[in-house]
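Geometric and topological summary
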Amino acid sequence: LFDAIQTAVAADPTFSQQAWSQDAVRDIMLSWTHSEWIPNVSIARDYVSNTITIKQRSKDQHSRVHWWIPLNFASASAADFDTTRVDYFMPPLEEVTLKASQLRIELGTDDWLIVNKQQTGFSHVLYNDATHWLIAKQLHDNHTVIHALNRAAIFQDLGPLIENNEIQSVDVIFELLNYLQYEDNLMPWNQVADTIISLGKNLFGTPSYKLYTYFVRQLIRPMFRRLYEMPLHENLTNTETLARQKIMEMACFVDLKECLDYTHNLAHEYIFGNVKFAND
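Presented here is a report on the structure given in the accompanying data block. From a predicted model like this one, the values you see are computed outputs, not experimental measurements. (Residues numbered from 1 in each chain as written. Predicted model: local features only at pLDDT ≥ 70, side-chain atom pairs only at ≥ 80, totals over all residues. Heavy atoms only, no water.)

What follows is about the overall build of the chain. A count of helices and strands for the chain gives 10 helices and 8 strands. With the C-alpha coordinates aligned to their principal axes, the bounding extent of the chain is approximately 70 × 45 × 35 Å. A buried classification covers 45% of the 280 residues belonging to the chain. Long-range pairs, those at least 24 residues apart, make up 65% of the contacts in the chain with a sequence separation of at least 6. For the chain, the exposed surface amounts to about 15300 Å²; the carbon and sulfur share of it is 52%. (Helix = DSSP H or I, 4+ residues; strand = E, 2+ residues; numbered from the N terminus. Buried < 20%, exposed > 50% of the residue type's maximum accessible area, 1.4 Å probe, protein only. Contact = heavy atoms within 4.5 Å. Areas by Shrake-Rupley, 256 points an atom, 1.4 Å probe, with all protein chains shown as cover.)

This next bit is on the sheet that holds strand β6 (residues 95–99). Taken in spatial order, the 4 strands line up as β6-β2-β1-β8 in an open sheet, and their pairing is mixed. Pairing within the sheet leaves two strands with one partner each, and these edge strands are β6 and β8 (124–127). Sheet twist, expressed as the mean angle between neighbouring strand axes with direction ignored, is 25 degrees. Judged from the 4 bridges that link them, strand β1 (residues 39–46) and β8 form a sheet pairing that is parallel. Along β8, the bridge assignment pairs I43 with Y127. (Pairing = 2+ DSSP bridges. Axes fitted to C-alpha atoms, helices over the stretch in contact; angles between N-to-C directions.)

Another aspect to go through is the pattern of salt bridges. Evaluated as defined, the whole model comprises 8 salt bridges. The shortest N-O distance in the salt bridge between R26 and D3 comes to 3.1 Å. Of the two residues, R26 is situated in helix α2 (residues 25–33) and D3 in helix α1 (residues 2–11); the sequence distance between them amounts to 23 residues. Relative accessible area serves as the criterion here: at 39%, R26 is assigned to the partly exposed category. In this structure, K55 and E95 form a salt bridge, with 3.9 Å as the shortest nitrogen-oxygen distance. Of this pair, K55 sits in strand β2 (residues 51–58) while E95 sits in strand β6, placing them 40 residues apart in sequence. Shared partners join several salt bridges into a network, and the residues in it are R221, R225 and E258. (Salt bridge = Lys/Arg side-chain N within 4 Å of Asp/Glu carboxyl O.)

Every buried residue of α2 is accounted for by V25, I28 and S31. Looking down the long axis of α2, one finds its buried residues gathered within 135 degrees of arc, a one-sided arrangement. On its buried face, α2 is in contact with α1 and β5 (88–90). (Arc of directions from axis to C-beta.)

Attention now goes to the environment of L98. Within the secondary structure, L98 sits in strand β6. Taking relative accessible area as the criterion, L98 reaches 16% and is therefore assigned buried. Sequence spacing of L98 and R57 is 41 residues, and the spatial spacing of their C-alpha atoms is 18 Å. Contact partners of L98, with chain neighbours within four places excluded, come to T51, I52, Y88 and L103.

Here we come to empty space enclosed by the protein. In this approach a probe as big as a water molecule rolls over the atoms, and the regions it shows empty are the leftover space. Here the structure, examined in full by the defined rule, presents 1 cavity of 30 Å³ or more. Approximately 40 Å³ is the volume attributed to the largest cavity. Taken together, I114, V115, Q119, Y127, N150, A153, I154 and D157 make up the full set of residues lining the largest cavity. For the lining of the largest cavity, a count of residues per class yields 5 nonpolar, 2 polar and 1 charged. (1 Å grid on protein atoms, 1.4 Å probe; cavity = no way out; pocket = protein on both sides within 12 Å on 5 of 7 lines; lining within 4 Å. Points joined across faces, edges and corners; volume = space filled by probe spheres on them. Nonpolar A, V, L, I, M, F, W, Y, C, P; charged D, E, K, R; others polar.)

To continue, consider a nonpolar patch on the surface. A cluster of nonpolar side chains, contributed by Y270, I271 and F272, occupies part of the molecular surface with about 390 Å² of accessible area. With respect to the element layout, Y270 can be found in helix α10 (residues 257–273). (Patch = residues over 30% accessible without salt bridge, like charges linked within 9 Å, V, L, I, M, F, W, Y side chains within 5 Å.)

The subject of this paragraph is the state of the cysteines. This model, assessed by the stated rule, comprises 1 disulfide. Through a disulfide, C252 is tied to C259; the S-S separation comes to 2.2 Å. Of note, the bridge from C252 to C259 carries an S-S torsion of about -80 degrees and is left-handed in sense. (Disulfide = S-S within 2.5 Å.)

If you want it as C-alpha cells, here you go:
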C-alpha cells in the first residue's frame, strides 16, 4: 500500500516540489503506524528575525520516537482556516528553525500564529507565552476570527504545559480563560473543563482560591443558564451532551449557586418523588 501511494505521489505534479515526494512516503507512514503515542509540537518565534522554531517530542516523556508531521498555519495576516492542506512536513528531527518566508506564511511581527488548522493533524500544539498573549488579544478583539476547533484546541493543548510546569506566567492562562465570557460555541467549553479544574486543585488551600472560584463563576454563569434554565430539546447532539456534563462539572466545582440549586432540586425530586434523572 505504501509503495503504491509513493508511486502515485511521485507522479503527481502537485507534489513535485516537495522534498519528501520521491522516496519518503513509506518512512512518513511508518513513523505513525508504528507508534502508540502522538507528538507534542512546540512553537517558538523569534520576532526580530521572523523565524519559527518547531520542536517535537512524544507525549510519552520516556519515548525518543520522532515523526514526519504535517503542519499548516494561519496568522493574523492570513487568517484562512478553510484551507487545511499541508504547508510543511516537519522531518523526524527534534528541532527545526525556519524563516516564515520558507514556510510561505504571511506573518507580521505582531501577528498571532495558529498551527494545525481545524485540528487536521494528529498532534498537540504547545505555544510559548508570547504567542499565547497574541492569541488571547485576538480572542478578546473578535474570537470568531479563529476557528472554533482551534479555539477548543488552545485549551486542550494547555494541559501538557500545565502538567509539566512549562507556563512561564499564569497571567496568560487567565487572559485566555477570560475571553470565554464572550464564547457561545460549545466546543471550546468542552475542552476548558480540565484546565479550570486542574488550576483549581493547584490553588486549593491558597489565599488565591476564593478569588479563583469567583472568577470562574462569573465566566460560567451565562453558559450554565443557557444550558440548564432553557427548556431541554430532544435529540441532543454529542457536543451538546458533553457540554452539559462539562459545564455541570465546572459549575459545581466552584459552587455556582445556580448549579447547587439545580442539583439540590434534582436530589429532592429523586428522594421524595422517585423521579429518574440523567447522569448529569
